[in-house]
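Examination of the molecular architecture
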Amino acid sequence: MQHLYFFDPKRPVKNPPLVFFLHSATGHARMFQGADLPILQERGCACVALEAPYARSRNSVQRRGLLDARNERCLWDQTVEELAIALDEAIDRWRCDPGRVAFVGLNLGGSVGAYWIAKGAPVRAAILTGAVPDLTDFWLSSEHPVAAAARAQEGVDLAAYESRMRETDILSTVPKFNRVSTLLQFGASDPWIPAASRAKAEAAFGAFSHVRLSVVEDDHEMRSAASIKGRMAFLEEAIGF
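Here's what I pulled together on the structure shown here. Here the structure is a predicted model, which means the values were calculated and not measured. (Residues numbered from 1 in each chain as written. Predicted model: local features only at pLDDT ≥ 70, side-chain atom pairs only at ≥ 80, totals over all residues. Heavy atoms only, no water.)

Turning our attention to the pattern of salt bridges. Counted by the stated rule, this structure contains 13 salt bridges. Across the pair Asp36 and Arg231 runs a salt bridge whose closest N-O atoms are separated by 2.7 Å. Here Asp36 is found in helix H1 (residues 36–42), whereas its partner Arg231 is found in helix H9 (residues 225–239), with 195 residues between them in sequence. One exposure class covers both Asp36 and Arg231, and it is buried. (Salt bridge = Lys/Arg side-chain N within 4 Å of Asp/Glu carboxyl O. Helix = DSSP H or I, 4+ residues; strand = E, 2+ residues; numbered from the N terminus. Buried < 20%, exposed > 50% of the residue type's maximum accessible area, 1.4 Å probe, protein only.)

The following block contains the structure:
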């Protein structure tokens, strides 16, 4: 696949664990090379990163979001299709253990990945880092400058967005996971995810034994040493390496 990037383990491993990465709305497939990816490669993991259909490199013209909820949902569905293809290619390439597949999604990538997993993707462990739990409410009512600017555009249709996108929120998708070990990782200084938003996640998932919530000293980029250490520890426990 043209937009798929493979990263080999740095040491020989038979049937290595496989970790998928999905980037933020403004990011790109190679943004993880300066953080998580090299650590996992050194520990014998095979890694895959997708340049998603929603990436600016692939979607610089199409109306989306509050301007066109149908197109927004289509971008999510196209990403799900490409992730499924990528999974098959990766397992074939490295003869990976299909029981040791993990997913790491940053910001929007976390939300879209959760949407994929909720549809039955064979993922054993998932990390959703810096992902807004109530993303629909964020766009509809948040005072964050990005959300306010989006609502100020001519031609927005808030009702259409809510109708089509509400069910893609993490609050709706994570409960559909089939016992997937899940880490929701939030930055204490993330302006996109205030305490009230985190509280919604805590209320929704507090009774789920396979879902953990963690607040670390970080911002929306989730690249602090504490964030990375938490992700590595979770993956080591969940898929082993």
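Turning our eyes to something else, we now look at the nonpolar core. The biggest cluster of nonpolar side chains holds 51 residues, and the ones touching the most others in it are Leu18, Phe20 and Trp116. The element contributing the most residues to this core is helix H2 (residues 69–94), with nine residues. In this structure, Phe20 is in contact with Val48, Leu83, Ala86, Leu87, Val101, Ala102, Phe103 and Val104, ignoring residues within four places of it in sequence. Grouped together as the second largest cluster of nonpolar side chains are 26 residues, Cys45, Ala102, Val104 and Ile228 included. (Core = buried A, V, L, I, M, F, W, Y, C linked by side-chain atoms within 4.5 Å. Contact = heavy atoms within 4.5 Å.)

Quick look at the side chain of Arg73 now. By the element assignment, Arg73 lies in helix H2. For Arg73, a relative accessible area of 13% gives the class buried. What Arg73 contacts, discounting residues up to four positions off in sequence, is Tyr115, Arg164, Met165, Glu167 and Thr168.

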